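One letter stands for each residue in the lines below.
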Amino acid sequence: MTKRVVIDPITRIEGHLRIEVEVDENNVISKAWASSTLFRGLEIILKGRTPMDVGLLVQRICGVCTFSHYLCGTKAVEDAIGAQVPLNAQYLRSMMLDALHIHDHIVHFYLLHGLDWIDVVSALSADPAKAAQVAMKYSDTPYNVGEGDLRAVQEKVQKLVATGKLGPFANAYWGNKTYKFTPEQNLIGVAHYLEALKIQRTAAEMMAIWGGKNPHPQSIVVGGITSVRDMLSPARLQEWAQKHANVQDFVVRAYQADLKMAADAYKTEPSVLGGVNVKNFMAIDEFLISENKYLFKGGVIRNGDLSKIEPVNPDLIEEDVTHAWYNADKPQHPFDGTTIPEHTPFVKRDTVYGELPTVDGAGKYSWVKSPRYNGEPVEVGPLAAMLVNYGHGTPEVVEAVNDFLGATGLPTEALFTTLGRTAARMLHALVLSRHADQTFQSLLTNIQSDETTYIAPTIDPDKEYKGYGMIEAPRGLLSHWLRIKGGLVENYQAVVPTTWNAGPMDGNGKVGPYEASLVGLKIEDPTKPLEVIRVIHSFDPCMACAVHVMDYKGQSLSEFRIDPNAL
């Protein structure tokens, strides 16, 4: 007899996500549904606006990777109208994207995903002296985890427990049998959790140097960038270099070491040795390190075959809404995409928590569309970028991956797991922190003979344009598509990384990466499904801001109905 498990909302992500799974008598998941319960209509809001404002508007899609949308939307306009962008501006944009990625990866592992691996309660029983010795196993120079440092961390957490106000450590599944760290390893993880709160600020400041502020930077314009005085200031240049060095130090001595520790502890844990059931991956060229040269190459992998990397063909991208809350009679290419809401109700049924509203798996059940590449579901994200470049033989990536596999004793096949997906994000940050300063050096060289940062674009109101921007956001391949008519936006579509990964089943019965990743997963306790959350968190979901929230019993707290056409 099957049982329904409902997790709503999935916490420690951007926005709200609902996951439902069906488990058999052995608590093995046979079916899964990913449902985003938000609708905001940003694409509708853009219609009729000047293209020059697109970047500033679309970065409001997200409160975390704001710069990704800002850059991608601006590049879409530049592609449409044929705007030229000076090399200095390209370098500065790449440096901001570099800072965003490293910032996002650190925040993701420690503050959002880390507690799926680290049992905070267990850390309270650790021996700090022993933990300091354990840390030496994973790094020759561990990051701020000496005996005294660890004792202070333990005392800080104990004080939180004594007050009963646990903050971010409340309402978790502490003690779950699938936690595998020893008390000492957990204490190391908690210590770096607290250090990550500090270092993420430094990474955010790196972006603000060129962006004016963070989040929602404001220095990019169609045709270039406005932070000219910062680019020419030796003090600002040195400030960026120093902050980059500080962040790199944390990535190497803490983040890398902790993933080696996780691989050591979890390499025999069944709940993290699956989770990659869609074996198609896609990434794009990203991080300009010299003129026309990128640190990471793009490509498409089919069926997990790393020996064949195909070039990305934008014409093969379509979005299906068969099981999404939109109306469209067939899959649509983003240039011709529509955003016509068509919400349908949930269905009441028995769950492990009693009777609750649940998704209608046979009908529509999510505000996320289902992107497909040549009709197939595709995973995007750091795992895709690392696999594509490992297949390409990109030296910087091959070195990082092989070193990690060698140090942990894991085979290449381990990359195709939840553990591998989490490790890939660290490896992505590691490669960036090691090599993206090449962009900085290229900028320093170029400004000796060229200080240009902007070339004024033109739009003919009597012409029609179409174009797209495609970049690697921290969560994966992001693309924005627009048509311009009469000098204004005629149509706009954003195909975001989480859409690729979290989309519902398509009209051909093919499920996306989130849903596929859960099938076959065994849950220790269906009422405390840590395993499900750990797998989903490995993708770093970004659903943006929610408009419908439920309590733990599934009861509606508030609903907001907005006519997007009135905005």
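Residues numbered from 1 in each chain as written. Predicted model: local features only at pLDDT ≥ 70, side-chain atom pairs only at ≥ 80, totals over all residues. Heavy atoms only, no water.

A.B. asks: Would you mind going over the overall build of the protein in detail, with residue names and values included?
C.D. replies: When helices and strands are tallied, the protein shows 17 helices and 18 strands. Its C-alpha atoms give the protein a radius of gyration of 23 Å, near enough to 24 Å, the size a compact globule of 567 residues would have. Dimensions of the protein, computed from C-alpha atoms along their principal axes, come out at roughly 70 × 55 × 50 Å. When the 567 residues of the protein are sorted by exposure, 58% land in the buried category. Averaging the coordinates of the 53 positive side-chain charges in the protein and doing the same for the 66 negative ones gives two points 3 Å apart. (Helix = DSSP H or I, 4+ residues; strand = E, 2+ residues; numbered from the N terminus. Rg over C-alpha atoms; globule rule 2.2 N^0.38 Å. Buried < 20%, exposed > 50% of the residue type's maximum accessible area, 1.4 Å probe, protein only. Lys, Arg positive; Asp, Glu negative; His and termini not counted. Charge placed at Lys NZ, Arg CZ, Asp CG, Glu CD.)

A.B. asks: Any chance you could break down the sheet that holds strand 15 (residues 476-485) for me, citing the residues and the numbers?
C.D. replies: Taken in spatial order, the three strands line up as 14-15-16 in an open sheet, and their pairing is antiparallel. The open sheet has two edge strands, strand 14 (465-473) and strand 16 (488-495), and neither has a second partner. Taken pair by pair, the neighbouring strands of this sheet meet at an average axis angle of 15°, ignoring direction. In this fold helix 3 (residues 66-81) packs onto strand 14, strand 15 and strand 16, with an angle of close to 145° to the strand it touches most, strand 14. (Pairing = 2+ DSSP bridges. Axes fitted to C-alpha atoms, helices over the stretch in contact; angles between N-to-C directions. Contact = heavy atoms within 4.5 Å.)

A.B. asks: Outline helix 17 (residues 530-537), supporting the account with residue identities and numerical values.
C.D. replies: The buried fraction of helix 17 amounts to eight of the eight residues, a majority that puts the element mostly inside the structure. When we look at burial in helix 17, the residues that qualify are Leu-530, Glu-531, Val-532, Ile-533, Arg-534, Val-535, Ile-536 and His-537.

A.B. asks: If you had to explain the pattern of salt bridges to someone new, which residues and values would you point to?
C.D. replies: Under the criterion given, the structure shown has 24 salt bridges. The partner of Glu-20 in a salt bridge is Arg-4, and the shortest N-O contact between them spans 2.6 Å. Within this pair, whereas Glu-20 is found in strand 2 (residues 18-23), its partner Arg-4 is found in strand 1 (residues 3-7), the two being separated by 16 residues in sequence. Considered together, Glu-20 and Arg-4 belong to a single accessibility category, that of buried residues. Among the ionic pairs, Arg-475 bridges to Asp-104, the shortest N-O distance being 3.3 Å. (Salt bridge = Lys/Arg side-chain N within 4 Å of Asp/Glu carboxyl O.)

A.B. asks: Kindly report on the pairing of strand 15, identifying the contributing residues and their values.
C.D. replies: Burial of strand 15 is extensive: eight of the 10 residues sit out of reach of the surface. Sheet analysis places strand 14 next to strand 15, joined by nine bridges and oriented antiparallel. For Ala-473, the partnering residue across the bridge sits in strand 15 and is Gly-476. Linkage of strand 14 to strand 15, two consecutive antiparallel strands, is achieved through a turn of two residues. Alignment of strand 15 against strand 16, held across seven bridges, turns out to be antiparallel. Bridge pairing in strand 16 places Leu-482 opposite Tyr-492. Two successive antiparallel strands, strand 15 and strand 16, enclose a turn made up of two residues, where Gly-486 displays a positive phi of approximately 65°.

A.B. asks: Could you give an account of the packing of helix 4 (residues 87-113) against helix 8 (residues 183-211), naming the residues involved and the relevant values?
C.D. replies: In contact at an axis separation of 9 Å, helix 4 and helix 8 are set at 165° when each is read in the N-to-C sense. Of the possible angle classes, the one that applies to helix 4 and helix 8 is roughly antiparallel. For the pair helix 4 and helix 8, the crossing hand works out as left-handed. Contacts between helix 4 and helix 8 involve Leu-92, Met-95, Met-96, Ala-99, Leu-100, His-103, Ile-106, Val-107, Tyr-110 and Leu-111 from the first element and His-192, Tyr-193, Ala-196, Leu-197, Ile-199, Gln-200, Ala-203, Ala-204, Met-206, Met-207, Trp-210 and Gly-211 from the second. Tallied by class, the residues present in the contact of helix 4 with helix 8 amount to 18 nonpolar, four polar and no charged. (Parallel < 35°, antiparallel > 145°, perpendicular 65-115°, else oblique. Left-handed = near helix turned anticlockwise from the far one by under 90°. Nonpolar A, V, L, I, M, F, W, Y, C, P; charged D, E, K, R; others polar.)

A.B. asks: Give a detailed account of the nonpolar core, specifying residues and quantitative values.
C.D. replies: Core analysis: the largest hydrophobic core is formed by 134 residues, its most contacted members being Phe-67, Ile-106, Tyr-110, Tyr-255 and Phe-404. If one sorts the elements of this core by residue count, helix 4 sits on top with 16 residues. Residue contacts for Tyr-110: discarding those within four places in its chain leaves His-192, Tyr-193, Ala-196, Phe-250, Ala-254, Tyr-255 and Asp-258. Counting 24 residues, the second-largest nonpolar core is a separate cluster that includes Leu-38, Leu-518, Val-532 and Met-543. (Core = buried A, V, L, I, M, F, W, Y, C linked by side-chain atoms within 4.5 Å.)

A.B. asks: Give a description of the sheet that holds strand 3 (residues 29-35) that names residues and reports values.
C.D. replies: One open sheet holds the three strands; their spatial order is 1-2-3, and the pairing between them is antiparallel. Every other strand in the sheet has two partners, leaving strand 1 and strand 3 as the edge strands with one partner each. Put simply, the sheet's adjacent strands are angled 15° from each other on average, direction ignored. In the sheet, strand 2 pairs with strand 3 via six bridges, with the strands oriented antiparallel. What sits directly across from Glu-20, in strand 3, is Trp-33.

Without other data, these values stay purely geometric and don't point to any function.
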